[in-house]
Amino acid sequence: MKIGVVGCGSLGSYYGAKLGYDGHETHFLLRSDYNLVKRRGLNIESPDGGFHYHPQAALRATEIGRCDLVIIGLKTTANHRFSQDLPPLADCNTAILTLQNGLGNEAALAKILPPEQILGGLCFVCLNRTKPGHVQHLAHGRIVMGEYQRRPEARTHEIAAAFKHAGIPCTVAENLERAHWEKLIWNIPFNGLGVAGLAGLHACNTGTIFEESSSGPCLPTDVLIGNPNWLKLVRELMHEIIDAANAMGLKVRPELAEKNIDATRVMGAYRASTLVDFERGQPLELNSLFLEPLKQARKAGVDTPRLAALCKVLEHLQSAQSRKGKL
């Protein structure tokens with residue numbers, strides 16, 4: 001396939017490089033790392049075996065042209081770039097696969113391109129971009145992909161097979177919406193609570209979600225797993241998400257909460273993407289990861305007090321960071 005990668009941070013770079021290394025014609029639409037990647041390529045460090053890959057680098061989508069598959073790894077805060085970046089890469093036969101976090105990304109794409117061309121993918125992976133042109137893969141890597149608003153087509157299975165051939169574990173979901181909510185079981189507590197430490201908050205077991213203390217650092221996964229109060233709050237958030245999903249008829253299994261916690265134990269002191277973004281002064285993916293799930297839970301008639309309180313904390317932090325950035 002001819003593959004275009006839009007959003008070449010750690011996620012897009014890692015999966016794009018794996019596919020390119022496997023022999024696909026892979027083009028990276030780059031901005032900040034363009035000069036370095038064009039000259040030197042990418043280094044992928046991984047316990048599964050590191051490698052170097054030199055993609056075809058472009059500054060503008062028009063330099064790439066029509067692709068068979070477009071992979072979107074943009075932060076959801078950059079979704080306004082869809083209308084500029086995607087049309088030059090797609091014709092009526094192009095599959096558009098978004099690997100972005102949270103809810104609403106496929107719907108945003110469907111405003112620009114025909115819905116039948118859109119797929120979504122959920123990435124269960126620990127990645128960090130340690131410096132320009134260098135991605136560190138720490139653990140996991142599985143992708144679950146599905147079709148937007150319909151059951152998977154033969155094309156979906158063909159794309160999944162290409163990922164698997166490149167060494168990427170990949171399964172096809174019969175119901176993409178359910179898969180999104182299953183991913184939120186991990187994303188909401190570990191991304192959201194990980195940032196909450198900066199608000200000078202810590203978990204407590206007195207019936208409230210947070211207790212104020214002095215300002216602290218972001219919290220990696222080992223702290224959230226290792227502290228009984230934080231772990232209690234992680235579980236409570238997970239079960240709120242599961243309850244909301246089941247109220248929508250999505251049939252999410254309650255035991256996924258403990259499975260996600262067990263999978264997190266092997267990550268060590270992993271810093272979720274929201275932590276890294278916030279420490280770099282970048283905006284949080286508030287809407288797709290937190291506010292939209294809260295909105296949908298309320299619409300389904302489910303009370304989610306832990307999620308509501310977490311959203312307030314994150315909105316406060318985002319607002320304070322924005323004001324600081326304008327000083």
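Everything here concerns the structure above.
Description of the structure in this document. (Residues numbered from 1 in each chain as written. Predicted model: local features only at pLDDT ≥ 70, side-chain atom pairs only at ≥ 80, totals over all residues. Heavy atoms only, no water.)

**Topic: the overall build of the protein**
The helix and strand tally for the protein stands at 13 helices and 12 strands. Relative to a compact globule of 327 residues, whose C-alpha radius of gyration would be 20 Å, the protein shows 19 Å and is just as compact. Long-range pairs, those at least 24 residues apart, make up 68% of the contacts in the protein with a sequence separation of at least 6. Looking at the protein as shown, the accessible area adds up to about 14,100 Å², and 50% of this sits on carbon and sulfur atoms. (Helix = DSSP H or I, 4+ residues; strand = E, 2+ residues; numbered from the N terminus. Rg over C-alpha atoms; globule rule 2.2 N^0.38 Å. Contact = heavy atoms within 4.5 Å. Areas by Shrake-Rupley, 256 points an atom, 1.4 Å probe, with all protein chains shown as cover.)

**Things to note about the packing of helix H9 (residues 228-247) against helix H10 (residues 256-265)**
Two numbers describe how H9 lies on H10: the axes approach to 10 Å, and their chain directions differ by 135°. With respect to H10, the element H9 is oriented oblique. Taken as a pair, H9 and H10 cross one another with a handedness that is right-handed. Counting all contacts with H9, which are made through Leu 231, Val 234, Arg 235, Met 238, His 239 and Ile 242, the residues of H10 involved are Ala 257, Glu 258, Asn 260, Ile 261 and Arg 265. Tallied by class, residues from the contact of H9 with H10 come to 6 nonpolar, 2 polar and 3 charged. (Axes fitted to C-alpha atoms, helices over the stretch in contact; angles between N-to-C directions. Parallel < 35°, antiparallel > 145°, perpendicular 65-115°, else oblique. Left-handed = near helix turned anticlockwise from the far one by under 90°. Nonpolar A, V, L, I, M, F, W, Y, C, P; charged D, E, K, R; others polar.)

**Some words on the pairing of strand S9 (residues 134-147)**
Every other side chain in a regular strand lies on the same face of the sheet, so the side chains alternate between the two faces. Within S9, 10 of the 14 residues are buried, which leaves it mostly tucked inside the rest of the structure. In this structure, strand S3 (residues 42-45) lies alongside S9, joined through 3 bridges in parallel fashion. Directly across from Glu 45, in S9, lies its bridge partner Gln 136. The pairing of strand S8 (residues 118-131) with S9 spans 12 bridges and is antiparallel. Bridge pairing links Gly 120 to Gly 146 in S9. Where S8 hands over to S9, the hairpin turn is made up of 2 residues, of which Gly 133 adopts a positive phi near 80°. (Buried < 20%, exposed > 50% of the residue type's maximum accessible area, 1.4 Å probe, protein only. Pairing = 2+ DSSP bridges.)

**As for the packing of aromatic side chains**
The tally for this structure, following the rule as stated, stands at 3 aromatic pairs. Ring centres 4.6 Å apart and planes at 35° place the aromatic pair Tyr 21 and Phe 51 in the tilted group. In this pair, Tyr 21 sits in helix H1 (residues 10-21) while Phe 51 sits in strand S4 (residues 51-53), placing the two residues 30 residues apart along the sequence. It is Arg 142 that lies over the ring of Phe 124; its NZ or CZ is 4.5 Å from the centre. When the ring centre of Phe 124 is taken as reference, the NZ or CZ atom of Lys 183 above it lies at 5.3 Å. (Phe/Tyr/Trp six-rings, centres within 6.5 Å; stacked < 30°, edge-to-face > 60°. Lys NZ or Arg CZ within 6 Å of the ring centre and 35° of its normal.)

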